[in-house]
Amino acid sequence: MELLAIPFMQRALVAALIIGLAAPALGIYLVQRRLSLIGDGIGHVALTGVGVGLLTNTSPVLTAVLVSIVGAVGVELIRERGRTSGDLALALLFYGGIAGGVLLVGLSDDSSTSLMQYLFGSLLTTSAEDLWVIGGLGAAVVAAMLVFRPALFALCNDEEYAKVSGLPVRTLNILLAVTTALTVTIAMRTVGLLLVSALMVVPVAAAQQVTRGFRSTMTLAMLIGVGAAGAGVLVSAEADTAPGATTVLLALAIFVGTAVGGSTVRRLRRRRGDSPVTSEPPDVVLHA
Amino acid sequence: MSSVVEVQNLAAGYDGREILRDVSLKVTAGDVVAVLGANGSGKSTLIRTILGLVPTLRGGIELFGTPQRRFRQWERIGYVPQRLGAGSGVPATVGEVVASGRLARRGVFRFPAKADKAAVREALTAVGLLDRIDDPVATLSGGQQQRTLIARALAGKPDLLVLDEPNAGVDAASQEAFAGALTRFAGDGGTILLVLHELGPLRPLIGRAVVVHDGRIAHEGTPPEPAGHHAEPDHEHLHPHAEEIKPAICEWAPTEQTKAY
């Protein structure tokens with residue numbers, strides 16, 4: 001592991017670990033309310049922000065943050081008002097965002113390589129300054145998602161019930177939207193859009209194959225996120241592969257493992273006859 | 001008697017469509033009021049409007065003597081929706097779902113204390129599901145999920161319970177279990193407002209019935225006795241729910257063939 005003696009490798013590893021911990025903590029709520037693809041959608045909107053920044057010669061990160069916050073809050077308001085499905089709202093976000101980004105970057109002097117840089121990031125060029133920003137962001141996201149867990153759980157589990165409980169439903173929704181926008185835009189330049197939006201979702205999908213409750217799913221998802229991110233950086237350095245893609249594929253491999261393992265355990269349990277399902281079949285159809 | 005819910009000349013609906021046209025209703029402390037009516041009559045819309053989930057078009061709603069718009073003591077109301085709203089696949093245990101019922105009382109910023117955990121266990125005991133506290137809700141039967149939702153509402157120790165068709169499509173054992181829980185709640189002085197498709201085992205508990213038809217109150221009074229094949233003691237009335245067209249709830253209420261929403 002002499003690779004770890006190299007400073008840029010250390011920074012890359014730390015940045016990936018922070019995102020691996022924070023992204024699933026936020027992502028579990030997005031998965032719970034069937035907005036698994038929102039991270040990617042917001043990333044595309046952020047590209048429009050990058051284009052605005054390049055065109056106006058302001059910091060592309062700053063304009064990306066602002067534009068993606070507007071986009072995230074906009075989607076939230078569309079979802080809340082019209083009963084437009086989250087799915088459709090996401091599609092609009094995706095296409096508008098990428099088209100705007102390509103158009104604006106094309107108008108600016110920079111070539112499309114800068115667009116690629118923002119899309120996929122470059123983990124190995126993470127600077128010490130980047131690390132502070134990502135660290136601050138990660139700490140804020142994890143703290144907010146843990147402190148507000150009961151309220152956010154109630155909200156994502158049953159929004160109408162949360163409303164009748166007098167919870168500040170809109171404020172919590174906007175909190176989720178803004179946190180998602182901030183996480184994606186700040187992390188995408190270093191770790192890449194693919195890595196951050198995948199780490200919001202894949203570890204949660206992997207964890208829920210073997211867990212029974214929300215809290216345990218969240219804990220396990222964060223562990224899987226950290227594990228996949230750490231292993232991804234190390235494996236990619238040894239095998240000379242792209243770190244973001246390696247991390248995502250590792251997380252997906254964990255998902256396959258827990259899915260197979262989970263269903264095997266359930267089948268064995270059923271055969272032993274101590275299935276938690278009682279004789280009466282569920283006659284209420286669950287829906288979101 | 002202090003007023004718990006007071007609705008005056010209420011009109012309500014979504015997207016410019018009026019589902020309720022002119023409804024007035026008063027529920028005082030200790031009342032057990034059943035809202036009856038066919039599918040699409042507006043009975044669920046009535047309680048959803050009272051709770052602020054459907055916009056009011058005209059008229060007024062007061063909760064515990066406060067206009068609904070300014071009402072903030074939501075911990076006094078326990079709401080039991082028709083369905084558990086978790087379908088995304090992220091597992092949640094029965095205990096976690098019921099613990100949501102404490103949020104109105106505890107607020108967003110405080111962590112659960114001993115009293116919260118005790119209230120969750122107490123509520124689960126009341127519906128006979130304490131042994132399932134650590135099980136994922138998705139492994140429960142429909143009736144047990146419904147009891148989980150009632151426990152969630154009871155956990156907040158409300159003064160008023162509002163239930164939306166709690167016995168729709170639910171097995172007999174669960175119907176009995178929550179009839180027991182509601183009887184104890186009413187016995188302790190609690191007020192209950194519930195939408196029902198049929199009275200079933202809750203019949204002895206209901207003090208007053210309101211029949212909604214076509215967005216208006218068609219009848220108000222003591223609950224009707226079962227008639228026709230509903231009256232047979234072994235009559236099992238397990239509806240698959242909603243969509244299908246079926247006769248009205250009781251012989252003297254008109255039949256509604258359409259579902260309004």
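Residues numbered from 1 in each chain as written. Chains lettered and ligands numbered in written order. Predicted model: local features only at pLDDT ≥ 70, side-chain atom pairs only at ≥ 80, totals over all residues. Heavy atoms only, no water.

As recorded in an unreviewed UniProt entry, chain B goes by the name ABC transporter, listed as coming from Actinoplanes couchii. Looking at chain B in UniProt, the text filed under Sequence similarities (unreviewed entry) is "Belongs to the ABC transporter superfamily." (UniProt positions renumbered as here; feature names shortened; annotations may be inferred.)

By the naming in an unreviewed UniProt entry, chain A is ABC transporter, taken from Actinoplanes couchii.

Colleague: Describe the overall build of chain B, and please don't skip the residues or the numbers.
Modeller: Counting its secondary structure elements, chain B contains 6 helices and 10 strands. Taking all 261 residues of chain B together, 58% fall into the buried category. Considering only contacts in chain B between residues 6 or more positions apart, those separated by 24 or more positions represent 68%. In the structure as shown, chain B presents an accessible area of about 10,700 Å², 51% of it carried by carbon and sulfur atoms. (Helix = DSSP H or I, 4+ residues; strand = E, 2+ residues; numbered from the N terminus. Buried < 20%, exposed > 50% of the residue type's maximum accessible area, 1.4 Å probe, protein only. Contact = heavy atoms within 4.5 Å. Areas by Shrake-Rupley, 256 points an atom, 1.4 Å probe, with all protein chains shown as cover.)

Colleague: If you had to explain the overall build of chain A to someone new, which residues and values would you point to?
Modeller: Helices and strands together make up the secondary structure of chain A, namely 12 helices and 0 strands. For chain A, the N- to C-terminal ordering of α and β elements is α-α-α-α-α-α-α-α-α-α-α-α. In chain A, buried positions account for 49% of the 288 residues. A separation of at least 24 residues holds for 75% of the contacts in chain A among residues at least 6 apart in sequence. When the accessible surface of chain A is totalled, it reaches about 12,700 Å², and 67% of it is carbon and sulfur.

Colleague: Can you tell me about the interface of chain A and chain B, naming the residues and giving the values?
Modeller: At the interface, 42 residues of chain A touch 45 residues of chain B. Interface area for chain A against chain B, summed over the two sides, is near 3,800 Å², with a carbon-plus-sulfur share of 58%. Our count for the contact surface shared by chain A and chain B stands at 3 salt bridges. A salt bridge links R152 of chain B to D158 of chain A; its shortest N-O distance comes to 3.0 Å. (Buried area = accessible area lost by both parts, 1.4 Å probe. Salt bridge = Lys/Arg side-chain N within 4 Å of Asp/Glu carboxyl O.)

Colleague: Outline unusual backbone geometry, listing residues and values.
Modeller: With a phi angle near 55°, D240 of chain A is a residue other than glycine that sits in the positive phi range. In this structure, D240 of chain A sits in the loop between helix 11 (214-239) and helix 12 (243-272). Of note in the backbone geometry, E165 of chain B takes a positive phi value of approximately 45° without being a glycine.

Colleague: Run through the pattern of salt bridges, naming residues and quoting values.
Modeller: Scanning all chains against the criterion turns up 13 salt bridges over all chains. Where R58 of chain B meets E18 of chain B, a salt bridge forms, and the shortest distance between an N and an O atom there is 3.0 Å. Linking R58 of chain B in strand 4 (residues 56-63) with E18 of chain B in strand 2 (residues 17-28), this pair joins segments that are 40 residues apart in sequence. Given a relative accessible area of 43%, R58 of chain B falls into the partly exposed group. Judged by relative accessible area, E18 of chain B falls into the partly exposed class, the value being 28%. Salt-bridge contacts for K157 of chain B lead to E122 of chain B; the nearest nitrogen and oxygen are separated by 3.1 Å. A residue pair is termed long-range when its members are at least 10 positions apart, and K157 of chain B in the loop between helix 5 (142-155) and strand 7 (160-164) and E122 of chain B in helix 4 (residues 114-126) qualify at 35 residues. Looking at K157 of chain B, the relative accessible area reads 39%, which means it is partly exposed. Linked through salt bridges whose partners overlap, the residues forming this network are R212 of chain A together with R132 and D135 of chain B.

Colleague: Now, about the UniProt feature "transmembrane region" (unreviewed entry) in chain A: what can you tell me, with residues and values included?
Modeller: Residue and element names in this part refer to chain A. The feature "transmembrane region" (unreviewed entry), as given by UniProt, occupies residues 12-30, 61-78, 90-108, 131-155, 167-184, 190-207, 219-237 and 243-262 in the numbering adopted here. Secondary structure across residues 90-108 divides into 95% helix and 0% strand, with the first and last C-alpha atoms of the span separated by 27 Å. From the first C-alpha to the last, residues 131-155 spans 32 Å; its make-up is 96% helix and 0% strand.

Colleague: Help me get a handle on the packing of helix 6 (residues 128-147) of chain A against helix 7 (residues 149-157) of chain A, residues and values and all.
Modeller: Residues and elements named next belong to chain A. Where helix 6 contacts helix 7, the two axes come as close as 5 Å, and the packing angle between them is 70°. The orientation of helix 6 relative to helix 7 falls into the category roughly perpendicular. For the pair helix 6 and helix 7, the contacting residues are M145, L146 and V147 in the first and R149, P150 and L152 in the second. Looking at the contact of helix 6 with helix 7 residue by residue, the classes come out as 5 nonpolar, no polar and 1 charged. (Axes fitted to C-alpha atoms, helices over the stretch in contact; angles between N-to-C directions. Parallel < 35°, antiparallel > 145°, perpendicular 65-115°, else oblique. Nonpolar A, V, L, I, M, F, W, Y, C, P; charged D, E, K, R; others polar.)

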